[in-house]
Structure formats: C-alpha cells, structure tokens
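Geometric and topological summary
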Amino acid sequence: MDSQGPLPSTPASRFDIGLIVNGTSHRLAVDARTTLLDALRDRLHLTGTKRGCDLGQCGACTVLLEGRRINACLTLAVMVHGRAITTIEGIATDGELHPMQTAFVQHDAFQCGYCTPGQIMSAIGLLNESRTTDEATIREHMSGNICRCGAYTNIVAAVRDAAARGS
Ligand code: FES
Ligand code: FES
C-alpha cells in the first residue's frame, strides 16, 4: 500500500504574460525565471537593449518601466505583466531621433556604442526624475551606467544639453 499519499502540487513554472513594449502589446509564455532582458532580446528580438554584466552592475540593459528606469537583467518578465516598457527602439518618433539621441550624436557621446542605448534610456529616465543641469548631480545619477570607453565627459555634456533644452 502506498503510504506516501498524493504528491504535493508543484508551483507553475510557465506563465502567460502580456507586455506592452513601445506601445505594442505582446503575449508571451515565459518560464518563471525569464528576465525582462531575455524576453526583450530573445523573444521579441529587440536587441537594442544590451546585455553587459547580467548582474545589475553596468546599466547596459536599462529600459523604462512606465517612465522609470530599471535594469532589465534584474527584472523578471512576470513582474512586469501588463506594464508599459520603453526600449531604445521606441523613443524615436516618425523617423525623428529623440532629443536625447540627438544630443548624444551632437556631443559625440560614444565610442564603441555598446553602452549607449542604456546611457540614453537612463538619461531620459533621469530627466523624468529631475531636470537638473548640474554636472555633479548628473554624474551621480548616471553612475549606474558604466562606459568602458570612458566617454563620460561627452555623455554628461549631452545630458546637460538635453536637460537645458527641456528635452
Ligand atoms: S546587463 Fe543589466 S546591469 Fe549589466
Ligand atoms: S561607448 Fe563603448 S562602452 Fe560606452
């Protein structure tokens, strides 16, 4: 006779979720462990959001969650079910660069460009939080975005310029 009884039910490991990315709704079946970064890059093929450290330390994966910047590598896709995400692919309108993108181009605020999508998304998030043009404050608030090429001087100049123009 089986004395062990029924097996305990196991928690669901796959979830059907909805993500609103750059204004478009997507339905996805994801593993509970799927990060937002994996969902964006591997499932939705939005590869503008970069994978750097995958540990929340470099900022390459920065996206906006309803206007607030987050690290997509530290965010589970199931956590943002039904929420609005903005990635670097979603900030230009009608073929016109976002003013922050224009500022980065005008100030030559990149070298290899790998960190640039995260820098730009973080800078937009920063200006949503504060319109400061103070260099020290911008450096502090952008400190989660690492640039291995060391383009910080021009990045800060671009953010200050965009802030001053009210971008
Ligand atoms: S890849 Fe997310 S913080 Fe580095
Ligand atoms: S431009 Fe190369 S890592 Fe920032």
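Residues numbered from 1 in each chain as written. Chains lettered and ligands numbered in written order. Predicted model: local features only at pLDDT ≥ 70, side-chain atom pairs only at ≥ 80, totals over all residues. Heavy atoms only, no water.

What about the packing of helix α2 (residues 99-106) against helix α3 (residues 116-129)?
Going by this rule: For helices, the fitted line uses only the C-alpha atoms of the stretch in contact; every axis is such a line through C-alpha atoms, and the angle between N-to-C directions lies from 0 to 180 degrees. Helical segments are the DSSP runs of H or I of at least four residues, strand segments are the runs of E of at least two, and each set is numbered from the N terminus. Working rule for angles: under 35 degrees goes down as roughly parallel, over 145 as roughly antiparallel, 65 to 115 as roughly perpendicular, anything else as oblique. Should the near helix be turned counterclockwise from the far one by less than a right angle, the crossing is left-handed, whereas a clockwise turn marks it as right-handed. Any two residues having at least one pair of non-hydrogen atoms within 4.5 Å are treated as being in contact. Any residue outside Ala, Val, Leu, Ile, Met, Phe, Trp, Tyr, Cys, Pro, Asp, Glu, Lys and Arg is labelled polar, Gly included; the first ten of those are nonpolar and the last four are charged.
Axis separation between α2 and α3 bottoms out at 10 Å; the angle between their running directions is 125 degrees. The angle between α2 and α3 places the two elements in the oblique class. Our pair here, α2 against α3, has a crossing hand that is right-handed. Between α2 and α3, the contacting residues are Met100, Gln101 and Phe104 on the first element and Thr116, Gln119, Ile120, Ala123, Ile124 and Leu127 on the second. Here the contact of α2 with α3 is built from residues that sort into 6 nonpolar, 3 polar and no charged.

Thoughts on α2
Put simply, the rule reads: Relative accessibility under 20% of the residue-type maximum defines a buried residue, over 50% an exposed one, and the middle range a partly exposed one, all with a 1.4 Å probe and only protein chains included. In this description, the arc belongs to the directions extending from the helix axis to the C-beta atoms.
If you check which residues of α2 are buried, you get Met100, Gln101, Ala103 and Phe104. Projection of α2 onto a plane perpendicular to its axis shows the buried side chains occupying an angular sector of 160 degrees, all on one side. Along α2, the residues that are exposed and aim more than 90 degrees away from the buried face are Val105 and Gln106. Where α2 is buried, its residues touch α3 and α5 (152-164). Positioned one or two residues after α2, aspartate 108 has a phi angle of 55 degrees, which is positive.

Quick word on the nonpolar core
Inclusion rule: Side-chain atoms within 4.5 Å link the members of a nonpolar core, which is a set of buried Ala, Val, Leu, Ile, Met, Phe, Trp, Tyr and Cys residues.
Counting residues in each nonpolar core, the largest one holds 24 residues, and the members touching the most others are Met100, Phe104, Ile120, Leu127, Ile155 and Val159. When residues of this core are traced back to their parent elements, those giving at least two are α2, α3 and α5. The contacts of isoleucine 120, once residues within four sequence positions are left out, are Ile88, Ile91, Met100, Gln101 and Phe104. If you look at the next biggest cluster of nonpolar residues, it comprises 20 residues, including Ile17, Leu28, Cys61 and Leu65.

Let's talk about the environment of histidine 141
Residue placement: histidine 141 occurs in helix α4 (residues 135-141). Measuring from C-alpha to C-alpha, the distance between histidine 141 and serine 122 comes to 8.9 Å, with 19 residues separating the pair along the chain. Residues in contact with histidine 141, not counting those within four places in the same chain, are Arg69, Leu126 and Glu129.

Concerning the domain arrangement of the chain
This is how the line gets drawn: Residue ranges for the domains originate in an automatic or database domain assignment. The term buried area denotes the loss of accessible surface (1.4 Å probe radius) that occurs when two parts are joined, taken as the sum for both partners. The term salt bridge refers to a side-chain nitrogen of Lys or Arg lying within 4 Å of a carboxyl oxygen of Asp or Glu. Polar contact criterion, stated in full: a pair of N or O atoms within 3.5 Å, where within protein one must be able to donate a hydrogen and the other to accept it, and residues adjacent in sequence count only if both atoms are side-chain atoms.
Assigned domains within the chain: domain 1 (14-90) and domain 2 (99-164). In this complex, domain 1 contributes 16 residues to the contact, which on the side of domain 2 involves 17 residues. For the pair domain 1 and domain 2, the summed buried surface comes to about 1,300 Å²; carbon and sulfur atoms form 55% of the total. On inspection of domain 1 and its partner domain 2, the count reaches 1 salt bridge. With its nearest N and O atoms 2.9 Å apart, the salt bridge here joins glutamate 129 to arginine 69. Counting the contacts that link domain 1 with domain 2 gives 9 residue pairs in polar contact (both at pLDDT 80 or more). Of all the elements, strand β3 (residues 62-65) adds the most residues to the side of domain 1 that touches domain 2, at 3 residues. Its residues placed into classes, the side of domain 1 that touches domain 2 shows 5 nonpolar, 8 polar and 3 charged.

Side note on the layout of surface pockets
Stated precisely, the cut-off is as follows: Buriedness of a pocket was judged along seven lines, with at least five required to meet protein on both sides within 12 Å; pockets are open sets of points on a 1 Å grid over the protein atoms alone, cavities are sets where a 1.4 Å probe fits but cannot get out, and lining residues have an atom within 4 Å of a point. Grid points are joined across faces, edges and corners, and a volume is the space filled by probe spheres set on the points.
Volume-wise, the largest pocket comes out at about 220 Å³. Taken together, 15 residues make up the lining of the largest pocket; nearest its centre are Cys58, Tyr114, Cys115, Ile146 and Arg148. The residue makeup of the lining of the largest pocket, split by class, is 10 nonpolar, 4 polar and 1 charged. Residue contributions to the lining of the largest pocket reach at least three from each of two domains, namely domain 1 (14-90) and domain 2 (99-164).

Notes on the sheet that holds strand β1 (residues 14-21)
Inclusion rule: Any two strands between which DSSP finds at least two bridges are classified as paired.
Across the sheet, which stays open at both edges, the 5 strands sit in the order β2-β1-β5-β3-β4 with mixed pairing between neighbours. Sheet topology places β2 (24-31) and β4 (68-71) at the edges, where each strand pairs with a single neighbour. Going across the sheet, the axis of each strand differs from the next one's by a mean of 40 degrees, ignoring polarity. Relative to β4, β3 runs antiparallel, the two being bridged by 4 bridges. Opposite valine 63, over in β4, you have isoleucine 70 as the bridge partner. Across the face of the sheet, helix α1 (residues 36-43) comes into contact with β1, β2, β3, β4 and β5 (84-86) while running at roughly 110 degrees to β2. This element, α3, spans β3, β4 and β5 of the sheet and lies at about 35 degrees to β3.

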